[in-house]
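Chain residues, written in single-letter form:
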Amino acid sequence: MTRKVDDFRLRLGKHELVPIMIGGMGVDISTAELALEAARLGGVGHISDAMLPTVTDRRYDTDFVKTKLTQYKYNLENSDKTDIKFDLGQVSEATRLHVSKTMEAKRGPGMVFLNVMEKLTMNAPRETLKARLEAALSAGIDGITLAAGLHLGSFAMIEDHPRFRDAKLGIIVSSVRALQLFLRKNVRSNRLPDYIVIEGPLAGGHLGFGLDWQKYDLATITLEVMEYLKAEKLDIPVIPAGGIFTGSDATRFLEIGAAGVQVATRFTVAKECGLPSDVKQEYFKTSEADIEVNNVSPTGYPMRMLKHSPAIGSGIRPGCESYGYLLDANGRCSYIDSYNREIALHPDAKKIEVYDKTCLCTHMRNFKLWTCGHYAYRLKDTARKQADGSYELLSAEHVFKDYQFGTDNRIALPE
Ligand SMILES: Cc1cc2nc3c(=O)[nH]c(=O)nc-3n(C[C@H](O)[C@H](O)[C@H](O)COP(=O)(O)O)c2cc1C
C-alpha cells in the first residue's frame with residue numbers, strides 16, 4: 001500500500017501532530033497568518049523573529065524604527081556605524097507584541113514556533129539574543145527553533161526562565177558535527193532539544209554549507225544524524241528540511257525514520273505568505289537557471305536566491321540607523337565595508353553599485369532579496385496559469401494538504 005504523510009504523526013512530548021512544519025521565513029515572509037494555518041491544520045507553523053521591531057511597526061502601528069532613526073539621525077552620513085545600539089526594552093517589546101498577538105489568534109490542535117537566528121547579532125549578540133528568547137517564552141510561544149548559528153550558549157541564556165523546560169526547543173543543524181557541538185555544550189543544562197531540524201543543501205535562506213553545497217545530500221546527513229543519536233541512546237525527533245517538494249518526498253523521509261519534515265518554498269506562493277503579490281509571480285516564473293547560491297549576505301553564510309533579486313548590485317546607503325541587525329559585536333557589517341569601498345572609488349557618482357555584499361536588513365525588509373529553495377523553479381507546476389500569464393495564488397491549506405495527502409510524486413492543482 002502506498003503510504004502518505006498523514007499515516008505518520010510527529011510526537012513532541014504529549015503533542016501528536018501532523019508531521020509537517022512550515023519553516024521560519026524572515027522578514028515576515030512566514031507571517032502569523034501562514035503559521036496559524038499550519039497550526040489550525042494540526043501541524044507546526046513558524047513565525048520569524050527577524051527584524052520584529054519593523055514588523056510590528058507595519059502590523060501593529062508601533063514606531064520602533066522611527067524612534068531609533070531619530071536617536072541616530074546624526075550618524076546617517078558617518079561611514080562608521082559602531083555607535084548604533086538596540087534598546088533592549090524595545091527589542092523585547094516587539095517580540096512580546098508579535099508573539100502574543102499570534103498566540104491569541106491560534107486555533108486548532110497544532111503549534112506555533114518562533115525561528116530565532118543567532119546571526120542577527122545586533123551590535124550586542126548575547127544581550128539581544130537573550131532579550132528575544134526570553135520575551136518569546138514569556139509571551140507564550142509554543143516553541144523556539146534556534147537557527148542560523150551554532151547556538152552554543154543559547155540554552156544557558158534562558159535556563160532560568162520558568163518556561164525553559166515546558167516550551168519546545170529545537171535546533172537547526174546541517175551536519176552531525178554541528179549537532180555534537182551543540183549537545184556537548186548543553187550537557188550542563190540537563191535538557192535535550194525536543195527536536196532537531198536537519199537542513200540540507202537545497203533549502204532556502206542561508207545555508208549551513210559552503211559554495212560546494214552540491215557535494216552534500218539531505219538523506220545522507222539525516223541517516224548520519226539518526227545513527228549518531230541511536231549510538232548515543234538519544235531519542236530526539238529528527239526533522240529533515242530542504243528540497244522536500246511533494247508529499248511523496250516527505251513520506252520517503254518519514255519511512256526511513258524521520259519524525260517530520262520542514263518545508264518552506266512551496267508556501268512562498270500561498271496567499272498567506274508575506275511576500276508581495278508581484279514577487280510571488282517572480283517565484284512562480286523562475287527557471288532553474290535563474291537561481292543561484294552566492295555570498296552576498298553579510299552574515300558570511302551562502303544564501304540561495306533569484307539572480308535578478310533587486311538587492312544584488314544595489315548600492316544603497318547602509319540602513320543601520322534604522323535597522324542594524326547584522327552589526328557584529330564590534331559594530332561592523334561587511335556591507336558597510338563594501339559600500340564605503342565603492343564610495344571611495346567613485347566619489348562623484350550619483351549612484352553606486354555594490355556587488356560583493358548586500359544591505360540584507362533593508363532589502364529583506366523591503367522584499368527585494370528573493371531567497372528561495374533549490375526547487376523554486378517547480379512552483380509553476382503547483383498552480384494554475386491564468387489567461388494573462390500570471391499564476392493563481394494557492395491557499396496555505398491547499399499546499400499543506402497536498403503534502404499531507406499527496407502520493408505518487410503528484411502535485412494536486414486546486415479545484
Ligand atoms: C523565502 C525563504 C526565507 C527563509 N528564511 C529563513 C529564516 O529567516 N530563518 C531560517 O532559519 N530559515 C529560513 N528559510 C529556510 C526555511 O525555513 C526551510 O528550512 C527551508 O527553506 C526548507 O526547504 P524548502 O524551502 O526547499 O522546502 C527560508 C526559506 C525561504 C524559502
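Up top you'll find the structure we're talking about.
Reference entry: report on the structure contained in this document. Computed from a predicted model, the values in this text were never measured in an experiment.

## Quick look at the overall build of the protein chain
Item 1. Scanning the protein chain for helices and strands turns up 13 helices and 15 strands.
Item 2. Computed over the C-alpha atoms, the radius of gyration of the protein chain is 21 Å, within 12% of the 22 Å expected from 2.2 N^0.38 for a compact globule of 415 residues.
Item 3. Summarising its shape, the C-alpha atoms of the protein chain cover approximately 70 × 55 × 40 Å along the three principal directions.
Item 4. Looking at the 415 residues of the protein chain, the share that counts as buried comes to 51%.

## Observations regarding the site of the ligand
Item 1. The immediate surroundings of the ligand are formed by 30 residues, with G23, A147, G204, G205 and G373 found nearest.
Item 2. Of all the secondary-structure elements, those providing two or more residues to the shell around the ligand are β5 (111–117) and β11 (261–263).
Item 3. Considering only residue class, the shell around the ligand consists of 15 nonpolar, 14 polar and 1 charged.

## A few points about the packing of helix α4 (residues 88–104) against helix α5 (residues 125–138)
Item 1. Where α4 contacts α5, the two axes come as close as 8 Å, and the packing angle between them is 30 degrees. Note on packing geometry: the crossing formed by α4 with α5 is right-handed. Packed against α4, whose contacting residues are L88, V91, S92, T95, R96 and V99, the element α5 presents E127, T128, A131, R132, A135, A136 and S138 at the interface.
Item 2. When grouped by side-chain class, the residues that make up the contact of α4 with α5 number 6 nonpolar, 4 polar and 3 charged.

## Quick notes on the sheet that holds strand β13 (residues 303–306)
Item 1. The 3 strands are arranged β9-β13-β12 in an open sheet whose pairing can be described as antiparallel. Where the open sheet ends on each side, the last strands, each with one partner, are β9 (205–206) and β12 (291–294).
Item 2. Pairing of β9 with β13 involves 2 bridges; the strand directions are antiparallel. Residue G205 lies in a different strand from β13, and its bridge partner there is R304.

## Looking at the environment of E292
Item 1. As for its position among the elements, E292 is in strand β12.
Item 2. What makes E292 partly exposed here is the crowd of 15 C-beta atoms within 10 Å.
Item 3. Residues E292 and G373 lie 81 residues apart in sequence; the distance between their C-alpha atoms is 9.8 Å.
Item 4. Apart from the residues lying within four places of it in its own chain, the contact partners of E292 are M305 and K307.

## Comments concerning unusual backbone geometry
Glycine aside, the phi torsion of most residues is negative, and most peptide linkages are trans.
Item 1. Across the junction of G26 and V27, the peptide omega takes the value -10 degrees, indicating a cis bond.
Item 2. Along the chain, V27 falls in the loop between β3 (20–22) and α1 (32–40).
Item 3. The phi torsion at N123 lies on the positive side, around 55 degrees, for a residue other than glycine.
Item 4. Within the secondary structure, N123 is located in the loop between β5 and α5.
Item 5. Here the phi dihedral of F367 falls at roughly 55 degrees; this positive angle occurs in a residue that is not glycine.
Item 6. Inspection of the secondary structure puts F367 in the loop between α12 (360–365) and α13 (396–405).
Item 7. Overall, the presence of 19 C-beta atoms within 10 Å leaves F367 in the partly exposed class.

## Re the nonpolar core
Item 1. Counting residues in hydrophobic clusters, the biggest one holds 126 residues, and the most contacted among them are I141, I144, I196, I198 and I239.
Item 2. With residues up to four places along the chain from it excluded, the contact list for I239 reads M21, Y195, I196, V197, I198, A258, A259, G260, V261 and Q262.

## So, α13
Item 1. Considered for burial, the residues of α13 that qualify are A396, V399, F400, D402, Y403 and Q404.
Item 2. Taken together, the buried residues of α13 touch β3, α1, α9 (247–255) and β11.

## Topic: α1
Item 1. Most of α1 is tucked away, with 7 of its 9 residues classed as buried.
Item 2. Restricting attention to buried positions, one finds in α1 the residues A32, L34, A35, L36, E37, A38 and A39.
Item 3. For α1, the secondary structure elements touched by its buried residues are β3, β4 (44–48), α4, β5 and α13.
Item 4. Trailing α1 by a residue or two, G42 shows a phi angle of about 95 degrees, which is positive.

## Notes on the pairing of β5
Item 1. Across the 7 residues that make up β5, a large majority, 7, are buried.
Item 2. Residue alternation in β5 divides its side chains into two sets, M111, F113, N115 and M117 and V112, L114 and V116, and both sets are buried.
Item 3. Across 5 bridges, the pairing between β4 and β5 is parallel. Counterpart to I47 in the pairing with β5 is L114.
Item 4. Bridge analysis of β5 against strand β6 (residues 143–147) gives 5 bridges, and the strand direction is parallel. The partner of N115 across the bridge, within β6, is T145.
Item 5. For the crossover that starts at β5, traverses α5 and ends in the parallel β6, the hand is right-handed.

## Observations regarding the environment of R384
Item 1. Looking at the secondary structure, you find R384 in the loop between α12 and α13.
Item 2. Note on R384: 10 C-beta atoms within 10 Å, which makes it exposed.
Item 3. Once you skip the residues sitting within four places of it in the chain, R384 turns out to touch Y391, E392, L413 and P414.

The rules we used
- Residues numbered from 1 in each chain as written.
- Predicted model: local features only at pLDDT ≥ 70, side-chain atom pairs only at ≥ 80, totals over all residues.
- Helix = DSSP H or I, 4+ residues; strand = E, 2+ residues; numbered from the N terminus.
- Rg over C-alpha atoms; globule rule 2.2 N^0.38 Å.
- Buried ≥ 20, exposed ≤ 12 C-beta atoms within 10 Å, placed from the backbone.
- Near = placed C-beta within 6 Å.
- Nonpolar A, V, L, I, M, F, W, Y, C, P; charged D, E, K, R; others polar.
- Axes fitted to C-alpha atoms, helices over the stretch in contact; angles between N-to-C directions.
- Left-handed = near helix turned anticlockwise from the far one by under 90°.
- Contact = placed C-beta atoms within 7 Å.
- Pairing = 2+ DSSP bridges.
- Core = buried A, V, L, I, M, F, W, Y, C linked by C-beta atoms within 7 Å.
- Right-handed = clockwise from strand over helix to strand, strands pointing away.

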